[in-house]
Amino acid sequence: MAIKNQNFEMYAGNDVELDITLLDEDGGPLDLTDATVRWALSSAYDPSAALVTKTSDGMSGILITDAEQGLVIVTLLRDDTEDFGGQPYVHEVAVIDSGGAETTVLTGAVTILKTALQ
Amino acid sequence: MINLDVTGVRRLWRIVSPGTPQPETDEEALHALHLARTKARFVPAKYREYSQAWLDERERKIVAHAVGVAVGMESTKYIEANMEMAFEMSEAVATAHKDGVPLKEDAVEVTRRMRLVRAALKAKRAAVRGFRLHGN
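Residues numbered from 1 in each chain as written. Chains lettered and ligands numbered in written order. Predicted model: local features only at pLDDT ≥ 70, side-chain atom pairs only at ≥ 80, totals over all residues. Heavy atoms only, no water.

Undergrad: Before we go on, may I ask you to explain unusual backbone geometry in this structure?
TA: Among all residues save glycine, negative phi is the norm, and among peptide bonds the norm is trans. Backbone geometry places Asp34(A), a non-glycine residue, at a positive phi of 65 degrees. Tracing the backbone through its elements, the reader meets Asp34(A) in the loop between strand E2 (16–24) and strand E3 (36–43). For Leu4(B), which is not glycine, the phi torsion reads 50 degrees and is therefore positive. Mapped onto the elements, Leu4(B) comes out in the segment before helix H1 (6–16). (Helix = DSSP H or I, 4+ residues; strand = E, 2+ residues; numbered from the N terminus.)

Undergrad: So what exactly am I meant to see when it comes to the sheet that holds E3(A) here?
TA: The strands making up a sheet associate through backbone hydrogen bonding, with each pair oriented either parallel or antiparallel. All names here are of chain A. Strand order in the open sheet made by the 5 strands is E1-E8-E7-E3-E4, with mixed pairing throughout. Sheet topology places strand E1 (8–11) and strand E4 (50–55) at the edges, where each strand pairs with a single neighbour. The sheet shows a mean angle of 25 degrees between the axes of neighbouring strands, direction not considered. Alignment of E3 against E4, held across 5 bridges, turns out to be antiparallel. If you follow alanine 40 over to E4, its bridge partner there is threonine 53. (Pairing = 2+ DSSP bridges. Axes fitted to C-alpha atoms, helices over the stretch in contact; angles between N-to-C directions.)

Undergrad: Which parts of the structure should I look at to understand the environment of Arg48(B)?
TA: All names here are of chain B. Within the secondary structure, arginine 48 sits in helix H3 (residues 45–60). For arginine 48, a relative accessible area of 28% translates into the label partly exposed. Along the sequence, arginine 48 and isoleucine 2 sit 46 residues apart, while their C-alpha atoms lie 9.4 Å from each other. (Buried < 20%, exposed > 50% of the residue type's maximum accessible area, 1.4 Å probe, protein only.)

Undergrad: Would you explain the pattern of salt bridges in this entry?
TA: When charged atoms on two side chains of opposite charge get close, those side chains can pair. All names here are of chain A. Applying the stated criterion across every chain, the model contains 4 salt bridges over all chains. For lysine 54, the salt bridge is made with aspartate 80, and the minimal N-O distance between the two is 2.7 Å. Of the two residues, lysine 54 is situated in strand E4 and aspartate 80 in helix H1 (residues 78–81); the sequence distance between them amounts to 26 residues. The same class applies to lysine 54 and to aspartate 80, which are both buried. (Salt bridge = Lys/Arg side-chain N within 4 Å of Asp/Glu carboxyl O.)

Undergrad: What is the right way to read the pairing of E2(A) from this model?
TA: Regular strands have side chains that alternate between both faces of the sheet. Residue and element names in this part refer to chain A. Here E2 lies mainly inside the structure; 7 of its 9 residues are buried. Here 6 bridges tie E2 to strand E6 (residues 71–76), and the two strands are oriented antiparallel to one another. By the bridge assignment for E6, glutamate 17 is matched with threonine 75.

Following this line, the structure appears as structure tokens:
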């Protein structure tokens, strides 16, 4: 049960921040207190095999900037994507609540553009 | 500057300001050109805006805003209803985006639209239930 088509494009090997607002089913902020947020990037040809993963657990690439307002920043470092490009990718975000239930909250396509200057 | 002439600006830089630090790469020179275009008053607005966007993309490192929604799924009984709810709310966000509503800066408007479709969907379900005959 997720918001789809949260698409974005980026340059391969760039530092990128994904600024994400998470909402509950009433449209209000999703309370992320005691929750864990996970993000994954995978090839659209094989979405089940994550190429890059980030998690807020231990602040490994995801920072919950305001838990009560459901605000999250996913940080991609240049090493994460420097070898990517030339095929379609997909990304998704899931939230594991304090009770351990996991919900996928957004999915989308990612276009990674190759550049000459890396 | 208007044409973002990297080679030209590097040559000019060496001639006009030989004593100042020179851009070491074409990328550095291009960055300097975009920065200059955002400051120079004679540069037409459309070029200034393009350069500002170029710089924003690289300097602030934020290229995307996204919205996620957690639609509860307490029981498998409600899977279909929740999928419909998630679809309608996705459509509301997509429509808001198409209408030019900034997803981050105007989350209130996005939320308002999501609540509208949610209310409409709930009303529709209530209406459907209302047709159920007594005794069935």
